[in-house]
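Summary of the model geometry
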Amino acid sequence: MSGQVFTVERRVRFADVDAAGIVFFPRYFEMLNGVVEDWFADALGVSFGELHLQRHSSVPTAAIEARFAAPSRLEDDLRFSLTVTKLGGASCGLRHRIECGDELRFEATQTIVHVGASLKPEPWPQPLRERIAPFVESPR
Ligand SMILES: CC(C)(COP(=O)(O)OP(=O)(O)OC[C@H]1O[C@@H](n2cnc3c(N)ncnc32)[C@H](O)[C@@H]1OP(=O)(O)O)[C@@H](O)C(=O)NCCC(=O)NCCSC(=O)c1ccc(O)cc1
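Heads up: these notes are all about the structure in this document. Quantities reported herein were computed from a predicted structural model and do not represent experimental measurements. (Residues numbered from 1 in each chain as written. Predicted model: local features only at pLDDT ≥ 70, side-chain atom pairs only at ≥ 80, totals over all residues. Heavy atoms only, no water.)

**What about the pairing of strand β4 (residues 91-100)?**
Worth spelling out the cut-off: Burial here depends on accessible area, computed with a 1.4 Å probe over protein chains only, as a share of the maximum for the residue type. Under 20% is buried, over 50% is exposed, and the range in between is partly exposed. Secondary structure elements are taken from DSSP: a helix is a run of H or I of four residues or more, a strand is a run of E of two residues or more, and numbering for both begins at the N terminus. Any two strands between which DSSP finds at least two bridges are classified as paired.
Counting buried positions along β4 yields seven of ten residues, so the element is predominantly enclosed. Between the antiparallel neighbours strand β3 (residues 77-87) and β4 lie three residues. Bridge analysis of β4 against strand β5 (residues 103-113) gives ten bridges, and the strand direction is antiparallel. Directly across from Ile98, in β5, lies its bridge partner Phe106. In this antiparallel pair of consecutive strands, β4 and β5, the connection spans two residues, and Gly101 shows a positive phi of 60°.

In structure tokens:
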């Protein structure tokens, strides 16, 4: 896989784990949304605040498929990576991986869709499209 990779590191917090001492599975989805939020702000140049509150746009998830490969525990240092599998007209396919050291903990593919104030799909604005494009995976 080539193309740019967006990475974020995050420690597993007390509020992330359940009574079994491992990350409760919905928490991974909240963490993924945090990664997408950071990607928009830090790499695409539009914070979620600006996107939602000023542009009245948003990027709801249309589909997500996840695999929980190994448990994560309190104070594990997780590394999140995001790449783009496909940049469509209004959609964008994302690939997420979460690793701890060399161990894969979680992976997912997610489709987000750019929508306007009416919550109907709208084509990606050209400046955003240009910022997303470098993250598209190219064939090996
Ligand atoms: C996502 C939708 C707006 C898409 O509208 P539809 O009318 O179904 O889409 P269309 O058929 O016109 O297709 C539009 C594009 O989406 C793609 N699409 C639509 N559905 C799918 C699925 N299931 N898989 C893959 N791609 C899809 C489709 O291929 C089109 O791609 P392009 O050709 O690249 O443009 C609508 O299905 C919807 O509102 N679904 C519910 C969304 C939802 O509630 N998600 C969960 C919570 S949202 C959330 O957490 C959030 C996070 C961050 C935010 O900024 C906002 C919200």
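**Let's talk about the nonpolar core**
How we decide: Throughout, nonpolar core names a set of buried Ala, Val, Leu, Ile, Met, Phe, Trp, Tyr and Cys residues whose side chains join them through atoms within 4.5 Å. Whether two residues are in contact is decided by their heavy atoms: any pair within 4.5 Å suffices.
Core analysis: the largest hydrophobic core is formed by 32 residues, its most contacted members being Trp39, Phe40, Cys92, Leu94 and Trp124. Looking at this core, the elements that each hand over two or more residues are β1 (6-11), α1 (25-44), α2 (48-54), β3, β4, β5 and α3 (126-132). Ranked by residue count, the leading element in this core is α1, at eight residues. The contacts of Cys92, once residues within four sequence positions are left out, are Trp39, Val84, Lys86, Leu87, Gln110, Thr111, Ile112, Trp124 and Ile132.

**Structural notes on the pattern of salt bridges**
Note the cut-off: In what follows, salt bridge is the name for a side-chain nitrogen of Lys or Arg lying within 4 Å of a carboxyl oxygen of Asp or Glu.
Enumeration over the complete set of coordinates arrives at twelve salt bridges. Taking the shortest distance from any N to any O, the salt bridge between Arg105 and Asp76 comes out at 2.8 Å. One end of the pair, Arg105, is in strand β5; the other, Asp76, is in the loop between β2 (61-68) and β3, with 29 residues separating them in the sequence. On the accessibility criterion, Arg105 (8% relative accessible area) is buried. As a salt-bridge pair, Arg105 and Glu103 come within 2.8 Å of each other at their nearest N and O atoms. A residue is classified by how much of its surface remains accessible, and Glu103, at 39% relative accessible area, is partly exposed. Salt bridges here are not isolated pairs; linked through shared partners, they connect Arg67, Arg79, Arg97, Glu99 and Glu107.

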